[in-house]
Amino acid sequence: MLSGFGEEAQRKLQQATVLLVGAGGLGCPALQYLVAAGTGTVVVVDFDTIDISNLQRQVIYNTNDLGKPKAETAAIKMRALNPEVTVVSLHQKLSNSNALGLVRNADLVLDCSDNFATRYLLSDACSICAKPYLYGAVLRYEGQAGVFNVRANNKTVVTYRHLFPTPPDPLTVLSCNEAGVLGTVAGIIGTIQGTEAIKLITGIGQTLAGRVLNYNALQNAFYTFEVNESPQKENYPKNESEFLTFDYDWYCGYSADEISAEEFRLRLTDPELFIVDVREKNELPLVNEFKHINLPMSELEKNAVQLPVNRQIVLFCNSGQRSMKALKLLKQKNASFRLQSLRGGITGFLKHG
Amino acid sequence: MASNHISVYILAGGKSSRMGSDKGLLPLGDKKIVQHVIQALIPLSENIFIVTSNKAYETFGLELVPDVFHNIGPAGGIHAALKHCKTQTLFICSCDTPFISAEAARFLINESQEHQITVPVIETKLEPLFGVYNTNILNRWEEAIAGNTYKLQNLFTLFNTRELSVDKNPVFSKHLFTNINTVADLDKALQNKKATMRVLLFGQITDVFGCSEIEVACKNDTDSLNQFLQSLYPSLKPLSYRIAVNKKITSSNTPLNSGDEVALLPAFSGG
């Protein structure tokens, strides 16, 4: 028996309900340890399916799981790991309409998502419902973890928005798809999120409440920064009715110029459409589903003259991030271009086809 | 990021009658003066050498390069460096200027382009011992010193030399080239040296600086530090990040003191 972790702590765990958003690089390790530790109920939300590129860090999945929904697959594996834990899986996107209900039913929330829109949505939902928000994020060889909406040592309660009040310019955001991440870094940060969850539930130790931890694998350095209450000028939802109508995709800078995969598919036969692949040459997957030209992002500026000003241009890449950068670049180049970027990229398009 | 495209040669071994000892080996704070120079230049290159015949410099773990021509001043030291150098370009720095910075050197390297010699001029004073030299000047340099031309300014006229005025450049502060020629200077230097601070860099901000930590002269507050860094590295500007001072995230302009540790912390979204 672990000293300092008695029956009482175990009982608290057994009675707890944890909401975990994102069964990916952070979610997999957090999930494994929370379930193995005997957390009463774990609700897993993820709309995505398992891709081969996920397996380097999402270690509960294997090659037999490719194409399957993450939430349900994770749930099956977790039930096998510990049948006494109730694992609820939701194969859907966290949204304005389902977030508050899910957060209210949980004792605490783990943000294991991979994009700012979901992070701000979930953080705001947790603030409105006064539920602990356990933050984790990774990029390349670094990761961050923190605990918000929890009072620490008589200090004021701080939220994720006190750390990062507004989302960064999407042009400057690097995603793991683009910039990569060392699998073990996601493992370490996800495991820290799981550890903080267990500490909060059982009341042991000092949590990261009001602090953010930064881990750098290359230097093997951990830094912890104190987050203080800071003036919040920004308009953001502070109650349920404001929350329900707030457009987080738009707020995080995307979507106004984007076309959804569904809409794109419907318009494919439109001769007005001029489709451009902005990925570098030889990038996979190959696209045979529709006619398009390839103008790699790295040469886009000098090749912009090849694009028509009298047709609707749709740009795509793998994830939808680079094509959005390409869109902004082309807009500056020539304001009369009519441009759209394929949301979710070609990967999203092929998946939901 | 240390690169192998350039070699760095620190000129030591000059006679130092004014102080009665080798200047680079004098203590300044908790280190020798030359160690301050080495530490400042480490981000530039993995190939750093000390031009000297004084074996006492061996303790710093760098390869020593002896002079070929003796007792002709810095022209001989530069010659030894040119002859020894394996890369096309080298950076020359004196061993007794402990306040020089990698940023200033990097600026000169970027500006050097097709010039054979690139040296800064600050307030009409030429600083030949903080400059970028191309190894293609070796033969002519050697001929000239064999013909008894030792004055650097005369040697410079033989080449495509760029004397770059850096008066308005924020990277070149006035005290950058303060050298240690007298014991009084050393005292003053000790006062100045205290006024530096570490800036820790995280996430994609390390891409902007090419390293994960820099040391800069102390600024009055976080706003002026931020402005200074953004003027030095314009690609920092569009990024969003929080500034922490001594491990506390600041929410408004915060006064800074020497020895403070500042961190620039961007948000990540990956999962």
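Higher on the page you've got the structure.
Below: a short report on this structure. Worth saying up front: this structure is predicted, and the values here are computed from it rather than measured.

Right, let's get into the sheet that holds strand S12 (residues 312–316) of chain A. All names here are of chain A. Here 5 strands make up an open sheet; going across it, the order is S9-S13-S12-S10-S11 and the pairing parallel. Of all the strands in the sheet, just strand S9 (258–259) and strand S11 (293–294) have a single pairing partner and so form its edges. Of the strands in this sheet, S9, S12 and strand S13 (338–342) are in contact with helix H13 (residues 321–333), which crosses S13 at around 170°.

With 25 residues of chain B at the contact, the number on the chain A side is 39 residues. Carbon and sulfur atoms make up 58% of the surface buried where chain B meets chain A, a total of about 2600 Å² over both sides. Considering only the surface of chain B that becomes buried against chain A, Phe268(B), Ser269(B) and Gly271(B) emerge as the three largest contributors, covering 28% of it. Counting the contacts that link chain B with chain A gives 12 residue pairs in polar contact (both at pLDDT 80 or more). Elements supplying a minimum of two residues to the side of chain B that touches chain A: strand S11 (196–201), helix H7 (205–209), strand S13 (241–245), strand S14 (248–249) and strand S15 (261–266) of chain B. Top element by residues in the side of chain B that touches chain A is S15(B). It accounts for 3 residues. Across the side of chain B that touches chain A, the residue classes tally to 11 nonpolar, 9 polar and 5 charged.

Bringing the pairing of strand S7 (residues 211–216) of chain A into the picture now. Consecutive side chains along a regular strand alternate between the two faces of the sheet. All names here are of chain A. Judged by how many residues are buried, S7 sits mostly within the fold: 5 of 6 residues are covered. Where strand S6 (residues 142–148) lies against S7, 5 bridges are found, and the strand directions are antiparallel. Opposite Gln144, over in S7, you have Asn214 as the bridge partner. Here S7 runs beside strand S8 (residues 221–226); their pairing, made up of 6 bridges, is antiparallel. Each residue of the ladder has a partner; that of Leu213, found in S8, is Thr224. In this structure, the hairpin formed by S7 and S8 is closed by a connection of 4 residues, where Asn220 is found at a positive phi of approximately 50°.

Cut-offs used in this document
- Residues numbered from 1 in each chain as written.
- Chains lettered and ligands numbered in written order.
- Predicted model: local features only at pLDDT ≥ 70, side-chain atom pairs only at ≥ 80, totals over all residues.
- Heavy atoms only, no water.
- Pairing = 2+ DSSP bridges.
- Helix = DSSP H or I, 4+ residues; strand = E, 2+ residues; numbered from the N terminus.
- Contact = heavy atoms within 4.5 Å.
- Axes fitted to C-alpha atoms, helices over the stretch in contact; angles between N-to-C directions.
- Buried area = accessible area lost by both parts, 1.4 Å probe.
- Polar contact = N/O pair within 3.5 Å; in protein donor to acceptor, adjacent residues only side chain to side chain.
- Nonpolar A, V, L, I, M, F, W, Y, C, P; charged D, E, K, R; others polar.
- Buried < 20%, exposed > 50% of the residue type's maximum accessible area, 1.4 Å probe, protein only.

Any functional reading would require information that these geometric values do not contain.
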